[in-house]
Number of protein chains: 2
Amino acid sequence: MSKVFVSIALSLDGYMAPDGMTMRNPGFRNWGAKWGALMGWLISQQYFRENLKFGPGGETGPVNDLVRSTAERIGANIMGKRMFDQGEISWPEDAPFHMLVDAATNEKREPWVRPGGTTFYFVNDGPERALELARQAAGARDVRLAGGADVIQQYLNLDAVDEMEIALAPVLFGSGRRLFENLRDPGPKFRIDRVLDGPNATHLRYVRA
Amino acid sequence: MSKVFVSIALSLDGYMAPDGMTMRNPGFRNWGAKWGALMGWLISQQYFRENLKFGPGGETGPVNDLVRSTAERIGANIMGKRMFDQGEISWPEDAPFHMLVDAATNEKREPWVRPGGTTFYFVNDGPERALELARQAAGARDVRLAGGADVIQQYLNLDAVDEMEIALAPVLFGSGRRLFENLRDPGPKFRIDRVLDGPNATHLRYVRA
């Protein structure tokens with residue numbers, strides 16, 4: 001069966017996103033600079049630049065290979081309403097997924113088909129149902145929990161997360177949306193699977209113990 | 001001048017200590033098992049076992065070398081009152097420091113000299129003063145901020161931390177005392193200096209950027 005995995009960047013103090021990060025308020029508390037420090041390792045990679053049509057060039061090497069292999073294993077994404085809402089106004093028309101996305105939400109809305117192969121489905125009958133649909137769509141490939149933090153927390157609390165890939169960036173946000181909170185106790189168990197040491201982030205991979 | 005550094009273990013969800021960890025309540029929420037998962041990488045090392053008189057044997061190798069080199073660079077420790085209070089009832093008579101310890105506290109108390117070279121000084125005129133005394137005592141060696149979280153946060157907010165050594169263990173506590181909170185914004189800047197990939201913890205070293 002396909003795996004359910006998280007692949008995110010995290011600030012050293014545990015935040016997935018800085019406080020007040022919204023496309024509608026680009027100057028708030030300098031969130032753009034924080035986001036840049038969090039994502040700098042990714043934005044410079046050749047595969048990422050190619051996928052987002054940022055143009056040619058970019059780094060090749062083990063981090064780029066990691067980005068590529070992570071992207072290629074994804075058969076479907078699950079994301080929360082907040083992440084979708086931000087993306088809806090900031091992703092290019094050819095949204096950078098090229099596959100099914102389950103946007104877990106309370107909103108009733110018809111599927112939204114984007115050029116390039118991305119279709120957003122709006123699921124409003126719970127995380128288990130969203131996962132079931134994502135697994136069907138993913139086939140032999142894997143299901144990525146794209147975020148935000150609240151969605152990942154829900155699946156951690158269901159003990160439905162097989163793997164977590166965390167790019168830990170050496171930046172302190174001071175506030176924002178924490179990845180690890182609201183977890184049940186005892187929580188799910190993980191072990192270290194692999195560590196890749198990059199200059200701008202440490203790429204940690206955990207698998208269910 | 002000597003460096004000021006942090007050397008701690010951290011749960012994957014960012015806690016230095018599980019919730020309710022106190023020697024007076026050893027069964028609370030299974031904190032002992034969490035602490036064991038956090039510290040397992042250390043307790044098995046030959047140098048640590050020798051230093052705490054746990055007996056012969058133990059692992060040798062790069063993690064043991066790291067533990068030894070960290071211990072040998074310390075000229076003085078600074079710790080908070082909570083950490084001292086716990087240690088006072090749990091450390092052996094020959095306390096595992098063998099040097100000056102500034103216990104930052106509001107309590108007025110005479111220095112407490114232990115066999116084996118540890119002397120606890122009780123400093124109650126602020127973190128800058130505690131650091132000044134620790135630097136004097138450390139000489140050419142370095143000052144370690146031993147913890148807890150609140151003490152480290154105070155020095156991070158003074159931008160007085162030169163280096164952070166974090167042993168990130170793949171355990172989720174769910175609650176406890178977080179290392180990184182109550183930080184000013186913008187916070188201090190760090191860069192990745194070195195990563196050592198151990199089986200039970202990832203040894204991350206950051207230096208001031």
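Up top is the structure these notes are about.
Along each chain, residue indices are assigned from 1 in the same order as the chain's sequence is written. Chains carry letters from A onward and ligands carry numbers from 1 onward, assigned in written order. This being a predicted model, a pLDDT of at least 70 is required before a residue's local features are given, and a value of 80 or more before pairs of side-chain atoms are given or counted; all residues contribute to the totals for chains, interfaces and linings. No hydrogens and no water enter the side-chain calculation; it runs on all heavy atoms of the structure.

A word on the interface of chain B and chain A
Contacts: residue pairs with any heavy atoms within 4.5 Å of one another. At the interface, 29 residues of chain B touch 29 residues of chain A. By buried area we mean the combined loss of accessible area, with a 1.4 Å probe, across both parts when two parts are placed together. Of the roughly 2400 Å² buried between chain B and chain A, counting both surfaces, carbon and sulfur atoms make up 61%. Each salt bridge in this description consists of a side-chain nitrogen of Lys or Arg and a carboxyl oxygen of Asp or Glu lying within 4 Å of one another. Seen at the junction of chain B and chain A, the total is two salt bridges. Among the ionic pairs, B:Asp185 bridges to A:Lys34, the shortest N-O distance being 2.8 Å.

A look at the relation of the copies chain B and chain A
With an RMSD of 0.0 Å, the operation that places chain B on chain A is a rotation of 180° combined with a shift of 0.0 Å along the axis. Given the turn and translation reported, the copies of this chain are related as if by a two-fold rotation axis. When C-alpha positions in chain B are compared against the rotation axis, the closest is assigned to B:Gly14, at 3.4 Å. Superposition of the copies used a least-squares fit over C-alpha atoms from residues whose pLDDT is at least 70 in both.

What to know about the packing of aromatic side chains
For any pair of aromatic rings, geometry is given as the distance between the ring centres together with the angle between the planes. Two aromatic rings, drawn from Phe, Tyr or Trp (for Trp, its six-membered ring), form a pair once their centres lie within 6.5 Å of each other, and the interplanar angle then sorts them: stacked below 30 degrees, edge-to-face above 60, tilted otherwise. Inspection of the entire model under this criterion finds 14 aromatic pairs over all chains. Geometrically, the ring pair formed by A:Phe84 and A:Phe120 is edge-to-face, given 5.1 Å between the ring centres and 65° between the ring planes. With A:Phe84 in helix H4 (residues 81-90) and A:Phe120 in strand E6 (residues 119-123), this pair connects stretches of sequence that are 36 residues apart. Each member of the pair A:Phe84 and A:Phe120 is classed as buried. Where B:Phe48 meets B:Phe54, the ring centres are 5.7 Å apart and the plane angle is 90°; that geometry is what we call edge-to-face. Since its relative accessible area comes to 17%, B:Phe48 is described here as buried. Taken together, the ring pairs in this structure connect A:Phe84, A:Trp91, A:Trp112, A:Phe120 and A:Phe122 into an aromatic cluster. Geometrically, a lysine NZ or arginine CZ counts as sitting over a ring once it is within 6 Å of the ring centre and also within 35 degrees of the ring normal. The ring of A:Trp112 carries the charged tip of A:Arg109 above its face, separated from the ring centre by 5.4 Å. A run of H or I in DSSP counts as a helix once it spans at least four residues, and a run of E counts as a strand once it spans at least two, with each numbered from the N terminus. Only protein chains enter the area calculation, which uses a 1.4 Å probe; residues under 20% of their type maximum are buried, those over 50% are exposed, and those in between are partly exposed.

Points about the sheet that holds strand E6 (residues 119-123) of chain B
Residue and element names in this part refer to chain B. Strands are treated as partners if at least two bridges between them are detected by DSSP. Ordered in space as E5-E6-E4-E3-E7-E1-E8-E11-E10, the nine strands form an open sheet in which the pairing is mixed. The open sheet has two edge strands, strand E5 (112-113) and strand E10 (190-197), and neither has a second partner. One ladder, built from six bridges, connects strand E8 (residues 163-169) with strand E11 (residues 202-208); its direction is antiparallel. The residue of E11 that forms the bridge with Ile166 is Leu204. This element, helix H4 (residues 81-90), spans strand E3 (74-80), strand E4 (100-104), E5, E6 and strand E7 (142-147) of the sheet and lies at about 100° to E3. Helix axes are fitted only over the stretch in contact, all axes being lines through C-alpha atoms; the angle between N-to-C directions runs from 0 to 180 degrees.

Remarks on unusual backbone geometry
Put simply, A:Gly147 and A:Gly148 share a cis peptide bond, and its omega is 0°. You can see A:Gly148 is positioned in the loop between strand E7 (142-147) and helix H6 (149-157). Located in the positive-phi region is A:Asp159, a residue other than glycine, with phi close to 50°. By secondary structure assignment, the location of A:Asp159 is in the loop between H6 and strand E8 (163-169). Unlike most non-glycine residues, B:Asn182 shows phi in positive territory, near 60°. Mapped onto the fold, B:Asn182 is located in the loop between strand E9 (176-178) and E10. Take B:Asn182: its relative accessible area is 57%, and that puts it in the exposed class.

Remarks on the sheet that holds strand E3 (residues 74-80) of chain A
Strand pairing in a sheet is mediated by backbone hydrogen bonds. Such pairs are either parallel or antiparallel. Residue and element names in this part refer to chain A. The mixed open sheet is built from nine strands, whose spatial order is E5-E6-E4-E3-E7-E1-E8-E11-E10. The strands lining the two open edges of the sheet, one partner per strand, are strand E5 (112-113) and strand E10 (190-197). Sheet topology places E3 next to strand E4 (residues 100-104); five bridges connect them, and they run parallel. If you follow Asn77 over to E4, its bridge partner there is Val101. In the packing of helix H3 (residues 62-73) onto the sheet, the strands contacted are strand E1 (4-11), E3, E7, E8, E10 and strand E11 (202-208), and the crossing angle to E3 comes to about 85°. Contacts between H6 and the sheet are confined to E1, E3, E7, E8 and E10, with E7 contributing the most and set at about 130° to the helix.

Some remarks on the nonpolar core
For soluble globular proteins, the rule of thumb is that nonpolar side chains tend to be buried together. Residues belong to one nonpolar core when they are buried, are Ala, Val, Leu, Ile, Met, Phe, Trp, Tyr or Cys, and are joined through side-chain atoms within 4.5 Å. With 70 residues, the main nonpolar core has A:Met164, A:Ile166, A:Phe180, B:Met164, B:Ile166 and B:Phe180 as its most contacted residues. In contact with A:Phe180, not counting residues within four places along its chain, are A:Leu10, A:Leu156, A:Met164, A:Ile166, B:Leu12, B:Asp13, B:Leu172 and B:Arg178.

Comments concerning the environment of A:Ala201
Following the sequence through the fold, A:Ala201 ends up in the loop between E10 and E11. The spacing of A:Ala201 and A:Leu100 is 101 residues in sequence and 29 Å in space, taken between C-alpha atoms. Not counting chain neighbours up to four residues away, the residues in contact with A:Ala201 comprise A:Trp41, A:Ala167, A:Leu168, A:Ala169, A:Leu196 and B:Ile192.

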